Amino acid sequence: MQKITEEQIALMAPNPNAVANGRKISQKGGFVRLERSEDDTFYMGECKGSGKSNYLTSVDFIDPSAPVCRCSCPSRQFPCKHGIALLFEIAGQKSFSLCEIPEDIKKKREKKQNREKKAETGRADGNATPAETGEEQTANHDNGAKEMKTKTTKTTKRASGNSRAKVKKLQKQLEGLELAEQMIKNIVKSGLGVMGADKIKTYEEVAKQLGNYYLPGPQHLVMELIFEIRSFQNDEKEEHYENAVKKLEKLWALVKKSKSYLEKKIETSNAEQEDTELYELLGGAWKLEELEALNLCRKDAELMQLSFWISYDEAGKTYVDTGCYADLKTGEIFCTYNYRPAKALKYMKQDDSVFQILQIPTMAVYPGACNQRVRWNGAGMREATDEDRRNVISFASSSIAQEAKRAKNLLKNALAPDFCLSLLSYDQIVKVGLTGQTSFVLMQGAETIVLDDMPGMEPTIYRMEALSDTSLLKNQVLFGAFFYEASEARMKFYPLSILTEKMTVRLLY
């Protein structure tokens, strides 16, 4: 099937409302029939309308760089909301039955090709013949120049149009950020703990509006904030209030940094992608070719997976498959994130644990400083060897204090994740009793750090207690995550895997 992203759909749409309305039609099952041609250049849908008759909507991909939407509805918008909805069906990889390309579409393609052919040749009279060879050469040269000029003009116009559309989108995002900023100020003024049902409903409406401003990132943060506030009001647990404060701080930081970033881009009319994590935090979806254009791709990478888990984002109703990998060349820790909305689970493949070494021809590395995301198209596999494990072990830090300081500096950034992944070598891990509970302390010479379960993650400490081979607790390497325990005002380490030269013992998988 054709590949199209929500960003491309937004750029094609005449306005944000068309995007929102088209998405609603798609989400509510507005199509009673979906068909596509065998050559994958034509898509068609029969969409329920407000009248007695359904609308016939189509998208022609004969030129993939410039899809043409058509619809039988009376709307004067181009594309209309039904065309946008069909694009969302394609983006969602819905099931399309095969069909023949209609004759009227074939005729329209033929007419379009004829017009383009005439425009490219620039020929006014096909019967005119130059009298002399020199004149013929001159005429051919002139026609070639016209053809080149026509193509250049078309390309320039298309590029200029795309640039204007992108700048227009940036301006719309800026308007949405101002809306979010005002919401934050109102929340701070009234207070989190005393927020009434009417206020929550108002902020839920703001969250919906942010989607129309091409801001799914801030939109999701607002939804997470509302979820934590509701949870606190229901059970009065302090952890929900603390989480709400964190979400509010992150939202404020994202709004302020993004406003400054977008204002500069609009001022300079620079709509091109840049090496910044703000793009994804605002909700943008990177394409592999875009990351490659920014020199953010690595060739012939080899990765060893150290841990894997699946979490559920209650606010966004989405499952997240997270894989943690060590780069065999550099020792860097990378992550993969596979987002699977609960309502679309049957359409999306779940990631899983990998015990072989991944061999990746081209690996894209997303912008960021902590737990950087990676992605690729296609990878080979080979069995992991003792040499591979020794290689990863060699990259482990031998200073808890130095590694904890690095993690703390990264986590101080309000836009950073809640944890920082790391490899720590240790002399021993000892069991101790803290506040009436069994816990573990990792010791590295005179330096120590407490191991503990991280809030929001599956417990792993009890699995440390269940280890039958006590030799694993001496002179090995622990892979885990630094996190800040606010109630105790100190850094802790969440254990994920123990690495030896012979095996990787996963505490979470």
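Everything numeric in this text was worked out from a predicted model, so none of it was measured.

Enquirer: Explain the overall build of the protein chain here, please?
Expert: A count of helical and extended segments in the protein chain gives 13 helices and 17 strands. Restricting to contacts in the protein chain with at least 6 residues of sequence separation, those with at least 24 account for 61%. Taken as a whole, the protein chain presents about 27500 Å² of accessible surface, with 49% of it coming from carbon and sulfur.

Enquirer: For this particular structure, what's the right way to read unusual backbone geometry?
Expert: For residues besides glycine, phi is generally negative; the peptide bonds are generally trans as well. Here aspartate 300, not a glycine, exhibits a phi torsion of approximately 50°, which is positive. Within the secondary structure layout, aspartate 300 lies in strand S6 (residues 297-313). Judged by relative accessible area, which is 53%, aspartate 300 ranks as exposed.

Enquirer: What should I look at first to understand the nonpolar core in this one?
Expert: Looking at soluble globular proteins, one finds that nonpolar side chains tend to be buried together. Residues Met183, Ile187 and Leu192 are the most contacted members of the largest nonpolar core, which totals 35 residues. Mapped onto this core, the elements with two or more residues apiece are helix H5 (133-190), helix H6 (197-212), helix H7 (216-235) and helix H8 (238-267). Per-element tally for this core: the top contributor is H8, with 9 residues. Not counting chain neighbours up to four residues away, the residues in contact with leucine 192 comprise Ile187, Leu225, Ile229, Tyr241, Ala244, Val245 and Leu248. Counting residues in hydrophobic clusters, the runner-up holds 26 residues, among them Ala404, Leu410, Leu467 and Phe482.

Enquirer: Explanation requested: a negative patch on the surface in the structure shown.
Expert: On the surface, Asp235, Glu236, Glu238, Glu239 and Glu242 cluster together into a patch of negative charge. On the secondary structure map, glutamate 238 appears in helix H8.

Enquirer: Would you explain the sheet that holds strand S2 (residues 42-47) in this entry?
Expert: In any sheet, the strands associate via hydrogen bonds between backbone groups, in a parallel or an antiparallel arrangement. Overall, mixed pairing links the 5 strands, which are arranged S4-S3-S2-S1-S5 in an open sheet. In this open sheet, the two strands that pair with only one neighbour each are strand S4 (68-71) and strand S5 (97-99). Neighbouring strand axes in the sheet, compared pairwise and without regard to direction, differ in orientation by 25° on average. Pairing of strand S3 (residues 55-60) with S4, which is carried by 4 bridges, proceeds in the antiparallel orientation. Within the sheet, the bridge partner assigned to threonine 57 lies in S4 and is cysteine 71. Here helix H3 (residues 81-91) sits on the sheet and contacts strand S1 (31-37), S2, S3 and S4; the angle it forms with S3, its principal contact strand, is near 60°.

Enquirer: What am I meant to see in the packing of aromatic side chains here?
Expert: The description of two aromatic rings rests on the distance between their centres and on the angle between their planes. By the definition in use, this model includes 9 aromatic pairs. Within the aromatic cluster, the residues linked to one another by ring pairs are Tyr43, Phe61 and Phe96. Sitting over the face of the ring of tyrosine 214, lysine 169 holds its NZ or CZ atom 5.5 Å from the ring centroid.

Enquirer: Teacher, can you tell me more about the confidence of the model for the protein chain here?
Expert: A low pLDDT score tells you not to read the predicted coordinates there in detail. Put simply, the protein chain has an average pLDDT of 86, and 90% of its residues get 70 or more. Low pLDDT (under 50) marks residues 123-152, which in the prediction has 11 contacts with non-local residues, meaning those over four places away or in another chain. A low-confidence stretch, residues 154-159 stays under pLDDT 50, and its non-local contacts, those more than four residues away or across chains, total 2 contacts.

Enquirer: Is there a simple way to explain the pairing of strand S15 (residues 474-485) in this structure?
Expert: For a regular strand, the rule is simple: side chains alternate between the two faces of the sheet. Buried residues dominate S15, accounting for 9 of its 12 residues. In terms of strand pairing, S15 meets strand S16 (residues 490-499) through 9 bridges, oriented antiparallel. Across the sheet, residue phenylalanine 479 finds its bridge partner in S16, namely serine 497. Where S15 hands over to S16, the hairpin turn is made up of 4 residues, of which alanine 489 adopts a positive phi near 55°.

Enquirer: What should I look at first to understand the packing of H7 against H8 in this one?
Expert: Here H7 crosses H8 at 160°, and the two axes come no closer than 8 Å. Classified by the interaxial angle, the pair formed by H7 and H8 is roughly antiparallel. Note that H7 runs across H8; the crossing there is left-handed. Taking contact as the criterion, the partners of Pro218, Leu221, Val222, Glu224, Leu225, Glu228, Ile229, Ser231, Phe232 and Asp235 in H7 are, on H8, His240, Tyr241, Asn243, Ala244, Lys247, Leu248, Lys250, Leu251 and Leu254. Counted by class, the contact of H7 with H8 contains 11 nonpolar, 3 polar and 5 charged residues.

Enquirer: How do you make sense of the pairing of S3 when you look at a structure like this?
Expert: Among the 6 residues in S3, 5 count as buried, and that is most of the element. Alignment of S2 against S3, held across 6 bridges, turns out to be antiparallel. Paired with tyrosine 43 across the two strands is valine 59, which belongs to S3.

What counts as what
- Residues numbered from 1 in each chain as written.
- Predicted model: local features only at pLDDT ≥ 70, side-chain atom pairs only at ≥ 80, totals over all residues.
- Heavy atoms only, no water.
- Helix = DSSP H or I, 4+ residues; strand = E, 2+ residues; numbered from the N terminus.
- Contact = heavy atoms within 4.5 Å.
- Areas by Shrake-Rupley, 256 points an atom, 1.4 Å probe, with all protein chains shown as cover.
- Buried < 20%, exposed > 50% of the residue type's maximum accessible area, 1.4 Å probe, protein only.
- Core = buried A, V, L, I, M, F, W, Y, C linked by side-chain atoms within 4.5 Å.
- Patch = residues over 30% accessible without salt bridge, like charges linked within 9 Å, V, L, I, M, F, W, Y side chains within 5 Å.
- Salt bridge = Lys/Arg side-chain N within 4 Å of Asp/Glu carboxyl O.
- Lys, Arg positive; Asp, Glu negative; His and termini not counted.
- Charge placed at Lys NZ, Arg CZ, Asp CG, Glu CD.
- Pairing = 2+ DSSP bridges.
- Axes fitted to C-alpha atoms, helices over the stretch in contact; angles between N-to-C directions.
- Phe/Tyr/Trp six-rings, centres within 6.5 Å; stacked < 30°, edge-to-face > 60°.
- Lys NZ or Arg CZ within 6 Å of the ring centre and 35° of its normal.
- pLDDT = per-residue confidence, 0-100.
- Parallel < 35°, antiparallel > 145°, perpendicular 65-115°, else oblique.
- Left-handed = near helix turned anticlockwise from the far one by under 90°.
- Nonpolar A, V, L, I, M, F, W, Y, C, P; charged D, E, K, R; others polar.

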